[in-house]
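Chain residues, written in single-letter form:
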Amino acid sequence: VKILFLDQTGQLGGAELSLLDLAGFYHDRCLVALFSDGPFYQALQQRQIPAKVLRCRSLTTSKDSGLIAGLVGLYNLLPLVRQVLRLSRDFDVIYANTPKALMVGAMVSLMSHKPLVYHLRDIISPAHFSWVNCRLLIGLTNAMARLVIANSQATRQAFIQAGGKASIAHTVYNGFAVDRRQITPADRQRQRQELNLEQKFVVGHFSRLSPWKGQDILIAAIAHCPIDVVIMLVGDALFGEDEYVRQLHQQVAQLGLIDRVQFLGFRDDIPALMSACDLVAHTSTAPEPFGRVIVEAMLCETAVVGAAAGGVMELIEHKRTGWLTPPGDVAALTAVISQAQATPIVTARIAQQAHQYAAAHFQLLPIQQQIDALIASTSSPNHELTTTLCI
Ligand code: UDP
């Protein structure tokens, strides 16, 4: 099967990092078409995965836009539809990796009769999308997609609850190249020295800087922790969240934490940095669809605390493979950090159990094969493409 992958951004978010791994499996029979240029395009080129940046108008409609903005957004996608339609002639399947890619993919699928697959990596709910965008996504997916690959049970459930067809939706977790994450104790020591973190209890946060990712919750928590607890914030504002970044710096200054918080920006050496941490904190204030950082921390054998909502609930077993705290609960997060610091043997045991669990459940190759089998089933003659639009 030859696959035309579509993705709306050139930035390297979790959806794009996951697609980078998946497209590697099809490198000689796929093309990744992006709606904007950026480091994702360069990463694809580095891995020799065929990729192309399409020309288009700015796609600035936000996840919470209303009816008019939604329709204008759809209209702005038309030049993309024409380009993707041309490209689609050489491929058997159109594979949409993001919501705007789904909208373009659905229109192309309607015109080309090529099967559409939607890799759903978002929780379709009012916490993440406006009513109009929810209806558009569900209507187009129900009408045109033969297969929805949801990145967690939570994502699949939210899709069904919003009106999505249960019969086409399958849950497949993200896969990870487990062996790429082996860091030696000497490397860990060197990394801690370089960042001036010796003798500290280091809590790492690995995520783009965005209000719902809750970096502010972690900063507020360490203000109540012992003075040797420090934070490294890894990630950048990828989608114009500059005001939030300014607020974070202001919060750090106001709480007198300048010596205890390092902003490292976007990094591509995540396993090395995670291994240098004593604890990884995930603090999203809205339900996380999957939470790649949690599995990555587990694979690095670094203990992890996650916000108890969405896909995270499926990844962490509380007090066995990590800790769960209610989203936005500063006091609960403070308590877990202090406990993890005070009981290093328990923390190491939890990290070890998590490592075993993640290495057994999130290997890249079996997950790629599972997705491949699902895609192959969309081309079977029993599959009938429905074109009724029911938004
Ligand atoms: N990440 C990265 N560099 C950074 C910060 C984050 O490569 O500086 C990666 C991180 O390792 C993870 C992804 O970005 O693989 C974030 O995925 P997640 O599912 O946690 O969140 P999303 O971005 O999809 O909302």
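The structure this text deals with has already been given above.
It should be emphasised that the depicted structure is a prediction, and the values quoted were computed from it without experimental measurement. (Residues numbered from 1 in each chain as written. Predicted model: local features only at pLDDT ≥ 70, side-chain atom pairs only at ≥ 80, totals over all residues. Heavy atoms only, no water.)

**Overview of the state of the cysteines**
So, point 1. Summed over the entire model, instances satisfying the criterion amount to 0 disulfides.
So, point 2. Free cysteine cysteine 225: the closest other cysteine sulfur is in cysteine 277, separated by 15 Å.
So, point 3. You can call cysteine 225 buried: its relative accessible area is 7%.
So, point 4. Not engaged in a disulfide, the cysteine cysteine 300 finds its nearest cysteine sulfur in cysteine 277; these two sulfurs lie 9.1 Å apart. (Disulfide = S-S within 2.5 Å. Buried < 20%, exposed > 50% of the residue type's maximum accessible area, 1.4 Å probe, protein only.)

**Let's talk about the sheet that holds strand S5 (residues 116-120)**
So, point 1. If you trace the 7 strands from one edge of the open sheet to the other, you get S3-S2-S1-S4-S5-S6-S7, paired in parallel fashion. The strands lining the two open edges of the sheet, one partner per strand, are strand S3 (51-53) and strand S7 (169-171). Going from strand to strand, the sheet's axes swing by 20 degrees on average, the running direction of each strand aside.
So, point 2. The sheet contacts of helix H4 (residues 78-88) involve strand S1 (3-7), strand S2 (30-34), S3 and strand S4 (93-96), and relative to S1 the element is tilted by about 160 degrees. (Pairing = 2+ DSSP bridges. Helix = DSSP H or I, 4+ residues; strand = E, 2+ residues; numbered from the N terminus. Axes fitted to C-alpha atoms, helices over the stretch in contact; angles between N-to-C directions. Contact = heavy atoms within 4.5 Å.)

**Some remarks on the environment of leucine 102**
So, point 1. With respect to the helices and strands, leucine 102 occurs in helix H5 (residues 99-112).
So, point 2. By relative accessible area, leucine 102 is classed as buried at 0%.
So, point 3. Separated by 43 residues in sequence, leucine 102 and alanine 145 place their C-alpha atoms 8.8 Å apart.
So, point 4. Leaving out residues up to four positions away in the same chain, leucine 102 has contacts with Ala96, Leu116, Tyr118, Leu137, Leu140 and Thr141.

**So, the site of the ligand**
So, point 1. Contacts to the ligand come from 16 residues, most closely from Arg208, Lys213, Arg267, Arg292 and Glu296.
So, point 2. A distance of 3.1 Å separates an oxygen atom of the ligand from a polar side-chain atom of arginine 208.
So, point 3. For the ligand, an oxygen atom lies 3.5 Å from a polar atom in the backbone of glycine 235.
So, point 4. Isolated, the ligand exposes 550 Å² of accessible area, and the fraction of that covered by the protein chains is 90%. (Near = heavy atom within 4 Å. Polar contact = N/O pair within 3.5 Å; in protein donor to acceptor, adjacent residues only side chain to side chain. Areas by Shrake-Rupley, 256 points an atom, 1.4 Å probe, with all protein chains shown as cover.)

**Some points on unusual backbone geometry**
So, point 1. Positive phi outside glycine occurs at histidine 113, with the angle close to 60 degrees.
So, point 2. Assignment of secondary structure puts histidine 113 in the loop between H5 and S5.
So, point 3. Even without glycine at this site, glutamine 199 takes up a positive phi of about 65 degrees.
So, point 4. Residue position: glutamine 199 is located in the loop between helix H8 (185-194) and strand S8 (201-206).
So, point 5. Judged by relative accessible area, which is 73%, glutamine 199 ranks as exposed.

**As for the packing of helix H9 (residues 215-222) against helix H10 (residues 242-254)**
So, point 1. Contact geometry of H9 with H10 gives a least axis separation of 10 Å together with a crossing angle of 0 degrees. Compared by their axis directions, H9 and H10 come out roughly parallel. When H9 is examined against H10, the residues Gln215, Asp216, Ile219 and Ala220 are found in contact with a partner set consisting of Tyr244, Leu248, Gln251 and Val252.
So, point 2. By residue class, the composition of the contact of H9 with H10 is 5 nonpolar, 2 polar and 1 charged. (Parallel < 35°, antiparallel > 145°, perpendicular 65-115°, else oblique. Nonpolar A, V, L, I, M, F, W, Y, C, P; charged D, E, K, R; others polar.)

**Structural notes on the packing of aromatic side chains**
So, point 1. Counted by the stated rule, this structure contains 8 aromatic pairs.
So, point 2. With a centroid separation of 4.8 Å and an interplanar angle of 65 degrees, the aromatic rings of phenylalanine 5 and tyrosine 95 are classed as edge-to-face. Highlighted residues: phenylalanine 5 in strand S1 and tyrosine 95 in strand S4, separated in sequence by 90 residues.
So, point 3. With a relative accessible area of 0%, phenylalanine 5 lands in the buried category.
So, point 4. When its relative accessible area of 0% is taken as the criterion, tyrosine 95 is described as buried.
So, point 5. Where tyrosine 173 meets phenylalanine 290, the ring centres are 5.9 Å apart and the plane angle is 40 degrees; that geometry is what we call tilted. Of the two residues, tyrosine 173 is situated in the loop between S7 and H8 and phenylalanine 290 in the loop between strand S11 (279-281) and helix H12 (292-299); the sequence distance between them amounts to 117 residues.
So, point 6. The buried category is assigned to phenylalanine 290, whose relative accessible area is 2%.
So, point 7. The ring of phenylalanine 91 carries lysine 2 above its face, with NZ or CZ at 5.6 Å from the centroid. (Phe/Tyr/Trp six-rings, centres within 6.5 Å; stacked < 30°, edge-to-face > 60°. Lys NZ or Arg CZ within 6 Å of the ring centre and 35° of its normal.)

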